[in-house]
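Okay, here's what each chain looks like letter by letter:
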Amino acid sequence: MHADIATSHGSEGEELGRIIDGSAIARRIRDKLAVEVAGLAREGIVPGLAVILVGEDPAGAVYVASKERACIEAGMNGITIRLPATTTQAELLTHVRALNDDSAVHGILVQMPLPKQIDPDTVIRAIDPMKDVDGFHPINVGKLLIGEEDGFAPCTPAGVQELLIQSGVNTLGKDIVLIGRSNIVGKPMAALLLQDHLGANATVTICHRYTRDLPSHTRRADILIAAAGRPKLVTADMVKPGVVIIDVGINRVSDPSAPKGYRLVGDVDFDNVRPLASQITPVPKGVGPMTIAMLLKNTVRAATMRAARSAGRSAAATRQPA
Ligand code: NAD
């Protein structure tokens, strides 16, 4: 049986969409990467990821700490540079350039959002594209769009594609509807799904805040990917039976019974949509864990590609003239 029609049963006997377990899939990717990293270590290569955090944003600090832990757990070097909120753009650019020149660093990530005195586009453009493991540099954005595979795809959409592949969801020729057109999720997601490639070859529709009659689009979707940042935007009347739902949204909603007074939900009305879906990601533990797994994967790729370039250069240098 193909996985995209698999369902499970709820306590009342009703069919429920199978949960796509992002945590388990991300775990498997990270375990495989740890084996690859151990192999690189035998050749004297330790992939290194440098993360720059400017300011005291608590959510940013949590993400950065988890990225550092994930690197160390995989046997990689995780370096975090914490700068004060008063850092100037020139100071930040000096740090970025130093990391560009540091041969122990294979991947560089500047945590967003940045304080308002710093222009994020200038910072992204200053990162060496071959160390841009977030995939936001225009060179990597362009490579993604034209289907050149030696660039880096942004981690969240790359993680969504990997979830679809690992869950046995066939995307070829399918109608995939995206909600959200940001440069971080929606646009690169569309570019990935359009390629002539495994986990792609789809017919893609991108919806956004000015889309007229959103439900008329979402109801056509074989696969619906929501990345709007709006809790319960996708309701049961907006999907067709058998749809695969990927919920990228992370929204805080107040919940006095939760220890922190809030809980995290996605963009999809999970309880009411799940019975209609063949497969669905939960929030949390759906797309979220994949983002870090793909960041590590991009960093290991950056290290491997650099080693291949250096091997090519030294082979060329030792070649005798004919
Ligand atoms: P964004 O605010 O930059 O973009 C939101 C997009 O949704 C916009 O393109 C907007 O036009 C569209 N939109 C908003 N309301 C809409 C509506 N009512 N109908 C149709 N379209 C609408 O956000 P983003 O950075 O792309 O993130 C989107 C969501 O994904 C957020 O909740 C964010 O927290 C989450 N996110 C999760 C991860 C992860 O690792 N799981 C990573 C990045 C972002």
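Going along each chain's sequence as written, the residues are numbered from 1 onward. At least 70 in pLDDT is required for a residue's local features to be given in this predicted model, at least 80 for side-chain atom pairs to be given and counted, and no such filter applies to totals for whole chains, interfaces and linings, which use all residues.

Examining the nonpolar core
Counting residues in each nonpolar core, the largest one holds 84 residues, and the members touching the most others are Leu178, Leu224, Ile225, Ala226, Ile245 and Leu296. Start and end positions for the domains come from either an automated domain assignment or a database one. A domain split of this core shows at least three residues from each of domain 1 (44-128) and domain 2 (153-288). The nonpolar core criterion groups buried Ala, Val, Leu, Ile, Met, Phe, Trp, Tyr and Cys residues into a set whenever they are joined through C-beta atoms within 7 Å. Residue burial is a threshold on neighbouring C-beta atoms within 10 Å of the residue's own C-beta, all placed from the backbone, with 20 or more meaning buried, 12 or fewer meaning exposed, and counts in between meaning partly exposed.

Comments concerning helix α5 (residues 138-146)
Note that an α-helix has 3.6 residues per turn; residues three or four places apart therefore point the same way. Helix and strand labels come from DSSP, where a helix needs a run of H or I of at least four residues and a strand needs a run of E of at least two; each type is numbered from the N terminus. Regarding α5, the residues found buried are Asn140, Val141 and Leu144. Buried residues of α5, seen end-on, are gathered within an arc of 105 degrees and therefore sit on one face of the element. In α5, those exposed residues whose orientation departs by more than 90 degrees from the buried face are Pro138 and Ile146. Placing C-beta atoms from the backbone, we regard two residues as in contact once those atoms come within 7 Å. On the buried face of α5, the contacting elements are α7 (186-194). Within two residues after α5, Gly147 carries a phi angle of roughly 80 degrees, on the positive side. By definition, the arc is the one covered by directions from the helix axis to the C-beta atoms.

Overview of the domain arrangement of the chain
You can read the domains of the chain as domain 1 (44-128) and domain 2 (153-288). Each of domain 1 and domain 2 has a C-alpha centre, and these two points are 28 Å apart.

Considerations on the site of the ligand
For each residue, a C-beta position is placed from the backbone atoms; the residue is near a molecule or strand when that point lies within 6 Å of it. Around the ligand, the surrounding shell holds 25 residues, and the nearest of these are Gly180, Ser182, His208, Arg209 and Gly229. Residues that form the shell around the ligand fall into these classes: 11 nonpolar, 11 polar and 3 charged. Residues are sorted three ways: Asp, Glu, Lys and Arg are charged, Ala, Val, Leu, Ile, Met, Phe, Trp, Tyr, Cys and Pro are nonpolar, and all the rest, Gly among them, are polar.

Remarks on the pairing of strand β7 (residues 203-207)
Along any regular strand the residues' side chains alternate between the sheet's two faces. Sheet topology note: the strand β6 (residues 175-179)/β7 ladder contains 5 bridges and is parallel. Residue pairing across strands places Asp175 opposite Thr203, the latter belonging to β7. Note on handedness: a clockwise path from strand one over the helix to strand two, with the strands aimed away from the viewer, defines a right-handed crossover. After leaving β6, the chain enters α7 and then returns to the sheet as β7, a path that is right-handed. Note: two strands are recorded as paired if DSSP finds a minimum of 2 bridges between them.

Let's talk about the environment of Gln111
Relative to the elements of secondary structure, Gln111 occurs in the loop between β5 (107-110) and α4 (120-126). Along the chain, Gln111 and Leu83 lie 28 residues apart, while their C-alpha atoms are 11 Å from each other. In contact with Gln111, other than residues within four places in its own chain, are Val51, Ile52, Leu53, Gly60, Tyr63 and Val64.

Things to note about the sheet that holds β5
If you walk across this open sheet you meet the 3 strands as β4-β3-β5, and the pairing is parallel. Two strands in the sheet have a free side with no partner beyond their single neighbour: β4 (77-83) and β5. The sheet shows a mean angle of 15 degrees between the axes of neighbouring strands, taken without regard to direction. As paired elements, strand β3 (residues 48-54) and β5 share 4 bridges and run parallel to each other. Its bridge partner being in β5, Ile52 is matched across the sheet by Val110. Axis geometry follows a simple rule: fit a line to the C-alpha atoms, using only the stretch in contact for helices, then measure angles between N-to-C directions, giving values from 0 to 180 degrees.

Comments concerning the packing of helix α2 (residues 58-73) against helix α10 (residues 288-318)
Viewed as axis vectors pointing N to C, α2 and α10 meet at an angle of 55 degrees, and their least axial separation amounts to 10 Å. By the angle between their directions, the pair α2 and α10 is classed as oblique. Relative to α10, the crossing made by α2 is right-handed. Across the interface between the two elements, Ser66, Lys67, Ala70 and Cys71 from α2 touch Ile292, Leu295 and Leu296 from α10. The labels follow the angle: roughly parallel below 35 degrees, roughly antiparallel above 145, roughly perpendicular from 65 to 115, and oblique for the rest. Handedness of a crossing follows from how the near helix is turned relative to the far one, being left-handed for an anticlockwise turn of less than a right angle and right-handed for a clockwise one.

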